[in-house]
Structures are given as C-alpha cells and as structure tokens.
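Single-letter residue listing:
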Amino acid sequence: MTIRLPGADGALRTYEPRTEPLAVTPGTPFTSRTVFSAAHVVADPFADVSPDSPAAVDWDATLAFRRHLWSHGLGVAEAMDTAQRGMGLDWAGAAELIRRSAAEARAVGGRIACGVGTDQIASDSLAEVRAAYEEQLALVEESGAQAILMASRALAAASSGPEDYLEVYGHLLRQAAEPVVLHWLGPMFDPALEGYWGSADLDAATDTFLDVIAAHPDKVDGIKVSLLDARREIDIRRRLPQGVRCYTGDDFNYPELIAGDEQGFSHALLGIFDPLGPLAAQAVRVLDTGDVRGFRDLLDPTVGLSRHLFQTPTRFYKTGVVFLAWLAGHQTHFTMVGGLQSARSLPHFATAYELADGLGLFPDPKLAEERMKTLLSVYGVNQ
C-alpha cells in the first residue's frame, strides 16, 4: 500500500507506510529523571462555536489522553502552552481543565503539575498582575497539583525593568505552600514575552532569573527553560542552587540535555513528549539502567519530527501535536479549540505524517494511513 503526499513544491510523492508500530508497553515511573509531558486538549467537534468563543472541550477524550500518558509513567504538565493556553483556551477553560485533571490524577495515581498565569486579565497594573497570579496559584494548590509559574504577557507589558520581576516573583514564592516550577518561555513560543525578566539581553535576563531563584531556593522545585538554546540551558543548569532542578523545555535539543554531561543533566517538561509519550518513556527507562547510548539511539531519531513540528512560527506547534493525536487514534477528529487546525499547511501535515510513521508512533498504522488519506481528499488530493 502506498500514499501520495504533497511536498512544499506542490508536487506529489509516493510514500509507503510501515505496517507495524514500534513495540512499546506501559510501565512504572522513572528513577533517573523526572519527566512531564505537556498535554494538549481535545476540542468538542460538535460544539457550535467560533474561533472567538470560549473553548468547547471534549472532557472525556481529554482526560483519556492524560490516562494514556500516566500509563507510561509520564507526569502531565497541565494547562500549559501545549494545551493552547492563551491561544484558544481562556482562564475559565483552563481552571476547569485543572480541576478535572487534578481529580483524575488523584484517582489513578498520576503525577500532575499545572500552569499558573495571569491570562484572566488585560492590564498594565503590577498590582493586578500579582492578584491574577495569586488567584490561579490558589486554585492549583487547592486542586492538590504542583504549581508551575508561567511567564505572563501582562507582566511583560507592565514591567519597567528587572526589579518588577524580582518583586512579583518574590511575592508569589513567599506565599507558595509548596515548591513551584518557574517557567521561562521564549518569544519564539509567544512574541508577547519578548524581553522577559526585564531585558532583551539574554545574559541580563538570565541573571535576573537566577537572582529570583537564589533569593528563594527552598520555594523553587525547578525551572523549565524553553529558549531552544542548548548552551544557555546548560549554563543556567550549572548555576542553579543545590537541589533546584532544570526541566528542559527545549524541543530541538532534548536528547542531549536529558542525557547530560559530567556536570549534570536536565529533567524534562516537553510539548513534544505529547506525541512521543510511549517512545520517550521507553527511552528514559533505558537511561534508568545507565545506558546513555541506548537512550540516545531511541530518542535521537525523533528530533527531526520535533524540529518539524516546532518550526517557525513555533507557536503553532500545537497544530501538529493534535494532528498526530488524531492519526494515532487518541481522538476521533482533527478539530482544535480556536480553529487552530488551520494554522499549518497540507505539506507540513504530510511531512509530519511521514516522519511520525517512520518512527512507528502510530499504534494502528492502517488507521493513520486512512485518516491521512481522508485529510488529503478534503484538500483535493485523490489517491
């Protein structure tokens, strides 16, 4: 069986899908690394909504996908960028997602950490930014989940310099009940976060970021760095106080960062571990045995797919993530909140399908092929 796929030049090429998936099985949590998958949400395809409407979520399918990730030993990073936070999912939807996912985690014994932001406001007031963070932090803590303090568009807009970040984050860390994860999301993921930590100079921003941590090391479980810059992450990792973890958010260089070097390694909190969940889990279990080469042999080949999904404009990577979830059978449709399924081109989808199929990511390759052909036919490509 073959399938004709369009390339960037508009020409069709013939591809022969694989017939068997990669053999992976669910397993227990890991021993050498803490690994979170930032999980996507499943839209309700039958809801009569527009891209500007509040998100209509299929809660059953959304929670089923989280159980899938937990079954492989992965933690779930909830209500993060991958869940279209601020790109289709508003605070009301995120709050409901946090409540439901945290309850599901308690029921099945899954690990969960949830995003805390300020997306319920549109303000240039630092006082309102603090209050918005406090409201979301309280909800996450009441749910029993670990908190991830996400970068705030409102803080980026309201701040006049590094001192504002030191004040706001210091205030939040002092009142946090348990150690949190600090998230530095770069402008390639969200252009509104340009100049975060008070400077467009990344060296100066890094110093401010580390100053926040150094002032409250007992309240910081770890940091998530999403700058797509491996050297900078390694530099930050080596400068962290003892006991503060680095969770890589680098979807371009994650194998080498997780594997680490003689001076340390990164844990992981990654959007790419949504489609890669079972394979990533298998690789980390190999790493648990001390087999770094075996870990790299499994995970290195996935980087091509990740770089493709996260190509510029990077913020639309969620479209590829949900597309692969549909092909893999985790949901019955390719619809996204906010209509974001339209954010990537047909050639982009075709390459994503080919790369994912080559890795054996589809539990049922025939189903994936049939769904890919269905999408192609909608675009006018006849097989």
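Read on for a plain summary of the structure. Note that this is a predicted model, so its numbers are computed, not measured. (Residues numbered from 1 in each chain as written. Predicted model: local features only at pLDDT ≥ 70, side-chain atom pairs only at ≥ 80, totals over all residues. Heavy atoms only, no water.)

Before going further, it helps to spend a moment on the environment of Phe189. Mapped onto the secondary structure, Phe189 falls in the loop between strand S7 (180–185) and helix H6 (202–215). Considering only alpha carbons, one finds Phe189 and Asp218, 29 residues apart in sequence, at a separation of 29 Å. Those residues in contact with Phe189 that sit more than four places away from it in its chain are Asp81, Ser226, Leu228, Gly249, Asp251, Phe310, Thr314, Arg315 and Tyr317. (Helix = DSSP H or I, 4+ residues; strand = E, 2+ residues; numbered from the N terminus. Contact = heavy atoms within 4.5 Å.)

Applying the stated rule across the entire model yields 21 salt bridges. Two residues, Asp203 and Arg232, come together in a salt bridge whose shortest N-O distance is 3.1 Å. With Asp203 in helix H6 and Arg232 in helix H7 (residues 230–238), the pair connects residues that are 29 residues apart, well separated along the chain. (Salt bridge = Lys/Arg side-chain N within 4 Å of Asp/Glu carboxyl O.)

On to unusual backbone geometry. Negative phi values dominate among residues other than glycine, just as trans dominates among peptide bonds. In the segment running from Thr312 into Pro313, the intervening peptide bond is cis, with an omega of -5 degrees. Structurally, Pro313 is set in the loop between helix H11 (303–309) and helix H12 (317–327). Here the phi dihedral of Leu228 falls at roughly 55 degrees; this positive angle occurs in a residue that is not glycine. The residue Leu228 is located in the loop between strand S8 (220–226) and H7 in this model. Among the residues examined, Leu228 registers a relative accessible area of 18% and is labelled buried. (Buried < 20%, exposed > 50% of the residue type's maximum accessible area, 1.4 Å probe, protein only.)

What follows is about H6. Taking 1.5 Å per residue as the helical rise, H6 with its 14 residues ought to reach 20 Å, and the 20 Å between its terminal C-alpha atoms agrees with that figure. Looking at H6, one finds that the buried residues are Ala205, Thr206, Thr208, Phe209, Leu210, Val212 and Ile213. (Expected span 1.5 Å × (residues − 1).)

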